[in-house]
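# Report on the structure
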Amino acid sequence: MTKPLRLGVAGLGTVGGGLVRLLTAHAGRLALRTGRTIEITAVSARDPKKDRGLGNALGNVTFHADPVALAKDPGIDVFVELIGGETVAREAAEAAIAAGKPVVTANKALLAHHGRELAAKAEAAGVPICFEAAVAGGIPIVKALREGLSGNRIDAVYGILNGTSNYILTSMAESGASFEDALAEAQRLGYAEADPGFDVDGVDAAHKLTLLASLAFGAAVDFNAVHVEGIRQISALDIAFARELGYRIKLVGIAKATDDGLDVRVHPAMIAAESALGHVDGVFNGVVVQGDFVDQMAFEGRGAGAGPTASAVMADIVDVALGLHLPLYGVPVAALGGARVIPVTSRFGASYMRLSVVDRPGVIADIAAILRDEQVSIESLLQRGRAPGEGVPVVIVTHEVQEAAMARALARIAALESVLERPTMIRIEEIK
Ligand code: HSE
């Protein structure tokens, strides 16, 4: 057997603890698969004395207060970055690369913002950066795109990429839980980010989508060009109307190659209840890939939590142990293509619109006139309840239309005196 692979693990939180447990449970199996013993020889954590419920699993590891010092520790062969954030994590990853050590990271924010620079540094140093755990938790989607589907031109990737927001939307739909209670429960279960705004405002999903799009299209997609909306404005009423129309509301990430550029966006969308992603509930994530030779393919699994994320981290560690070394985005940095991301206003698609309007004659005629002026065609219209002179909900589903026209129509409708609240607009996406 070759010499042991010595890991330096930065961060002993949910994922770090999961990794320690996985290694303890499967040390023998992993040694058989890699031909080497894999061991944690050093760690960094804010509080070395904290009881993490790991018993003696860590043995006599070296404790560092500073992840950068850990990255430089000559007693480690691989730097495993599980601290999150961009500043210290970046410094530590760069220190590891400079010391010629492979980096395994679960840090989507770091790679979404600085992936290209880190990839260039790693390439120059001849070491891999592995990030299976950064996208969709336990689902091996990075490997699927970079290895299993490498014979294809990837035309589109769609995903439910944030377990916390999917958990919240599912709870709201199934048990009528409030947004706040569902979020608190997701946090208690260890799914949420340190800043839960990242989960519910779509930022975490956008980080992951940026990475998936970069991998899928062989282009360094600029995170700042990705259109991002979260789920805070989704109401129980919209969820109920969606169900009635045969849809589910999901926070989806969409990355499509178009003739005009890359269409990359994250927002809540109505998708067919019977579609592959329509069935992905709770903390589960789902990814649908469209490849030119393989056609469409769906992946589903746990997108967050200690076990699934540790499983993905370990898959990368096994690759390092086996000497597998692939470029971060599947192609060398110099070969990365241009990545013009088109604005969301160029989207062409159907939409759901919910209005609260005064229940009196002529209101629908005014709304219909605006839709006519902006060339927005109505597919169906629903009005519920009867409250003369008071507010009632009206739902309009449009045919496919340019988003810019839809936005103009919505702004004009919102300004009508008979429209009582800001209209809600949710895009309807034809994802199989
Ligand atoms: N907070 C993330 C989620 C998990 O809820 O999906 C880690 O990516």
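Conventions used here
Residues numbered from 1 in each chain as written. Predicted model: local features only at pLDDT ≥ 70, side-chain atom pairs only at ≥ 80, totals over all residues. Heavy atoms only, no water. Helix = DSSP H or I, 4+ residues; strand = E, 2+ residues; numbered from the N terminus. Rg over C-alpha atoms; globule rule 2.2 N^0.38 Å. Buried < 20%, exposed > 50% of the residue type's maximum accessible area, 1.4 Å probe, protein only. Contact = heavy atoms within 4.5 Å. Areas by Shrake-Rupley, 256 points an atom, 1.4 Å probe, with all protein chains shown as cover. Lys, Arg positive; Asp, Glu negative; His and termini not counted. Charge placed at Lys NZ, Arg CZ, Asp CG, Glu CD. Expected span 1.5 Å × (residues − 1). Bend = angle between axes of the 7 residues up to and from the residue. Polar contact = N/O pair within 3.5 Å; in protein donor to acceptor, adjacent residues only side chain to side chain. Pairing = 2+ DSSP bridges. Axes fitted to C-alpha atoms, helices over the stretch in contact; angles between N-to-C directions. Parallel < 35°, antiparallel > 145°, perpendicular 65-115°, else oblique. Left-handed = near helix turned anticlockwise from the far one by under 90°. Nonpolar A, V, L, I, M, F, W, Y, C, P; charged D, E, K, R; others polar. Near = heavy atom within 4 Å. Domains from an automatic or database assignment. Core = buried A, V, L, I, M, F, W, Y, C linked by side-chain atoms within 4.5 Å. Patch = residues over 30% accessible without salt bridge, like charges linked within 9 Å, V, L, I, M, F, W, Y side chains within 5 Å. Salt bridge = Lys/Arg side-chain N within 4 Å of Asp/Glu carboxyl O.

## Quick word on the overall build of the protein chain
- Broken down by element type, the protein chain carries 13 helices and 17 strands.
- Radius of gyration (C-alpha) of the protein chain: 24 Å, near the 22 Å computed for a compact globule of 432 residues.
- Along the three orthogonal principal directions, the C-alpha set of the protein chain runs to about 80 × 45 × 35 Å.
- Of all 432 residues assigned to the protein chain, the portion counted as buried reaches 55%.
- Sequence separation of at least 24 residues holds for 73% of the intrachain contacts in the protein chain that already meet a minimum separation of 6.
- Total accessible area on the protein chain is roughly 18,000 Å²; 51% of this is exposed by carbon and sulfur atoms.
- Put simply, the protein chain has 40 plus and 50 minus side-chain charges, and the middle of one group is 4 Å from the middle of the other.

## Quick look at helix 4 (residues 108-125)
- The terminal C-alpha atoms of helix 4, which comprises 18 residues, lie only 22 Å apart, well short of the 26 Å expected from a rise of 1.5 Å per residue.
- At histidine 114, helix 4 is bent by approximately 85°, the largest bend along its length.
- Those residues of helix 4 not exposed but buried are Lys108, Ala109, Leu110, Leu111, Ala112, His114, Gly115, Leu118, Ala119 and Ala122.
- The secondary structure elements touched by the buried residues of helix 4 are strand 4 (78-81), helix 3 (87-98), strand 5 (103-105), strand 6 (129-130) and helix 9 (203-217).
- One side-chain oxygen at the N-terminal end of helix 4 lies 3.3 Å from the backbone nitrogen of alanine 109; it belongs to asparagine 107.

## Topic: helix 3
- A rise of 1.5 Å per residue sets the reference length of helix 3, with its 12 residues, at 16 Å; its end C-alpha atoms lie 17 Å apart and thus fit the reference within 8%.
- Those residues of helix 3 that fall on the buried side of the exposure criterion are Ala89, Ala92, Ala93, Ala95, Ala96 and Ile97.
- Against the buried residues of helix 3 lie helix 2 (67-72), strand 4, strand 5, helix 4 and strand 6.
- Two residues or fewer past helix 3, glycine 100 is found with a positive phi of approximately 80°.

## Observations regarding the sheet that holds strand 5
- The sheet built from 6 strands is open, its strands ordered 3-2-1-4-5-6 with parallel pairing. At either margin of the open sheet sits one strand with a lone partner, and together these are strand 3 (62-64) and strand 6.
- Pairing analysis gives 3 bridges linking strand 4 to strand 5, with the strands arranged parallel. In the sheet register, glutamate 81 faces strand 5, and the bridge partner there is threonine 105.

## Considering the packing of helix 12 (residues 363-373) against helix 13 (residues 403-414)
- Two numbers describe how helix 12 lies on helix 13: the axes approach to 9 Å, and their chain directions differ by 155°. One finds that helix 12 runs roughly antiparallel with respect to helix 13. Considering the relative orientation of helix 12 and helix 13, their crossing is right-handed. Across the interface between the two elements, Ile367, Ile370, Leu371 and Asp373 of helix 12 pack against Ala409, Arg412 and Ile413 of helix 13.
- Here the residues of the contact of helix 12 with helix 13 are counted per class, giving 5 nonpolar, no polar and 2 charged.

## Section: the packing of helix 6 (residues 163-175) against helix 10 (residues 236-244)
- The geometry of helix 6 relative to helix 10 is characterised by a closest axis approach of 10 Å and an angle of 75° between their N-to-C directions. Classed by the angle they form, the pair helix 6 and helix 10 counts as roughly perpendicular. For the pair helix 6 and helix 10, contact is made by Leu169, Met172 and Ala173 and by Ala236, Ile239 and Arg243, respectively.

## What about the site of the ligand?
- Taken together, Lys108, Asn162, Gly163, Thr164, Tyr191, Ala192, Glu193, Asp199, Asp204, Lys208, Gly303 and Ala304 form the complete shell of residues around the ligand.
- Within the side chain of lysine 108, one N or O atom sits 2.6 Å away from an oxygen atom of the ligand.
- For the ligand, an oxygen atom lies 2.6 Å from a polar atom in the backbone of glycine 163.
- Contact with the protein chains removes 92% of the 260 Å² of surface that the ligand exposes when unbound.
- For the shell around the ligand, the secondary structure elements donating two or more residues are helix 6 and helix 9.
- Residue composition of the shell around the ligand, by class: 3 nonpolar, 4 polar and 5 charged.

## Section: the domain arrangement of the protein chain
- For the protein chain, the domain assignment lists domain 1 (5-134), domain 2 (141-302) and domain 3 (345-428).
- A straight line from the C-alpha centre of domain 1 to that of domain 3 covers 51 Å.

## Some thoughts on the nonpolar core
- Among the nonpolar cores identified, the biggest contains 82 residues, and Phe79, Phe131, Val135, Ile141 and Leu145 are the most heavily contacted of them.
- Sorting elements by how many residues they give to this core places helix 9 first, with 9 residues.
- If you look at the next biggest cluster of nonpolar residues, it comprises 32 residues, including Val9, Leu19, Leu30 and Val104.

## Re a nonpolar patch on the surface
- The grouping of Ile364, Ile378 and Leu381 at the surface amounts to a nonpolar patch, some 200 Å² of accessible area in total.
- Counting through the fold element by element, isoleucine 378 comes out in strand 14 (residues 378-383).
- The exposure class assigned to isoleucine 378 is partly exposed, which follows from its relative accessible area of 32%.

## Details of the environment of leucine 328
- Turning to its location among the elements, leucine 328 is positioned in the loop between helix 11 (306-322) and strand 13 (348-358).
- Spatially, the C-alpha atoms of leucine 328 and glycine 218 are 10.0 Å apart, while their sequence positions differ by 110 residues.
- If we ignore the near neighbours within four places in the chain, the residues touching leucine 328 are Leu111, Gly115, Ala119, Ile129, Phe131, Arg146 and Leu215.

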